[in-house]
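Residues per chain, in single letters:
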Amino acid sequence: MNSSVSPTAQERALRHVAELASGPPVDPTLRVTLNFHPDRLLHGRPILDALAEDGVYRSQFVTGTSNGGLTAYPGGDRWRWESRIFDGAYDEATAQERPVYGALNFRRKPVGGAPRFSSAHFRLAAQTLSRTTFCYPDSFLEPSDFGVADHRLYVVYRLGDDAVPDDAVDRLAAALRALTRVASPERIAEALLEDQGPGGSVHRTTAEGGYRINDGGYSFRNPANRFAWSVARLARADRAPAP
């Protein structure tokens, strides 16, 4: 990109999420799917006719339609969620510049990554991964875990020992084998789920800079741990989900 040209809203958004991301790259054979209801109408026209005519999959800021709440307007919930996630990159953007939403089909289901929005879906080409951002949980749930193609978000559920199923190691190893290129998925799964010993209680507090920390022995938010995140990174991560 020419340094004399201001970055686009999409470039600013992608750069911001990339700063919050960590973890291994996305498996390049995985695809993002855009699941949708083909029988819905758009301004009185069947949505498939509109898609065929326009050749563009548009956001609800353009269409005014949604499978959920219709809050895609300045100050609405969808607007606020995107402002929080993308650090205001789209606050002044046109409706046509706004992101569209899909799901990474990491389970490789024939019905796509988000079948609750219908089994009908478009499967995006591999080259779109480089301009895709990921979050967990869903965007409307104030996510705090983010990823991009080079650094897929890596989420290990915070479960108590009693909530971990007996086959958790095998299931996690299978997921690591399918979604990553790590050399020893079984060993990593064992280390994550069995080798850590009792977790004990964790005391959480807010540091003077306003970011969250704790005293967990295996937490990146514990400043005493050698693998702890830097103050700047913790602050960036906490700014992302803040209202």
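Residues numbered from 1 in each chain as written. Predicted model: local features only at pLDDT ≥ 70, side-chain atom pairs only at ≥ 80, totals over all residues. Heavy atoms only, no water.

Engineer: Explanation requested: the confidence of the model for the chain in the structure shown.
Structural biologist: When pLDDT drops low, the exact placement of atoms in the prediction is not to be read closely. For the chain, the average pLDDT comes to 80, and 83% of its residues sit at 70 or higher. The weakest mean pLDDT in the chain belongs to helix H6 (residues 185–193) at 73; the strongest belongs to strand S5 (residues 121–123) at 94. Predicted confidence for residues 155–162 stays below pLDDT 50, and this span has five contacts to residues more than four positions away or in other chains. In this model, residues 195–199 is a region of pLDDT below 50 whose contacts with residues beyond four sequence positions or in other chains number four contacts. (pLDDT = per-residue confidence, 0-100. Helix = DSSP H or I, 4+ residues; strand = E, 2+ residues; numbered from the N terminus. Contact = heavy atoms within 4.5 Å.)

Engineer: Honestly, the packing of aromatic side chains in this entry has me stumped. Any pointers?
Structural biologist: Aromatic ring pairs are described here by two measures, namely the spacing of the ring centres and the angle between the planes. All chains considered together, the criterion is met by five aromatic pairs. A centroid spacing of 6.2 Å and a plane angle of 85° characterise the contact between tyrosine 57 and phenylalanine 122, whose relative ring orientation is edge-to-face. A residue pair is termed long-range when its members are at least 10 positions apart, and tyrosine 57 in the loop between helix H2 (47–54) and helix H3 (60–63) and phenylalanine 122 in strand S5 qualify at 65 residues. Judged by relative accessible area, which is 26%, tyrosine 57 ranks as partly exposed. Given a relative accessible area of 35%, phenylalanine 122 falls into the partly exposed group. Consider the rings of tryptophan 81 and phenylalanine 140, whose centres lie 6.0 Å apart with planes at 50°: the pair is tilted. (Phe/Tyr/Trp six-rings, centres within 6.5 Å; stacked < 30°, edge-to-face > 60°. Buried < 20%, exposed > 50% of the residue type's maximum accessible area, 1.4 Å probe, protein only.)

Engineer: Help me understand the sheet that holds S5, please; the structure alone is not making it clear to me.
Structural biologist: Strands in a sheet are paired, the pairing made by backbone hydrogen bonds, and the direction either parallel or antiparallel. Read across the open sheet, the three strands follow the order S4-S1-S5; overall the sheet is antiparallel. Either end of the sheet is taken by a strand with one partner, and the two such strands are strand S4 (103–104) and S5. Across two bridges, the pairing between strand S1 (residues 32–35) and S4 is antiparallel. Bridged to threonine 33 within S4 is alanine 103. (Pairing = 2+ DSSP bridges.)

Engineer: Mind showing me how you'd approach helix H1 (residues 9–20) here?
Structural biologist: It helps to recall that an α-helix has 3.6 residues per turn; residues three or four apart then point in one direction. A rise of 1.5 Å per residue sets the reference length of H1, with its twelve residues, at 16 Å; its end C-alpha atoms lie 17 Å apart and thus fit the reference within 8%. Those residues of H1 lying buried are Ala9, Ala13, His16, Val17 and Leu20. One face of H1 carries all of its buried residues, which in axial projection span an arc of 95°. (Expected span 1.5 Å × (residues − 1). Arc of directions from axis to C-beta.)

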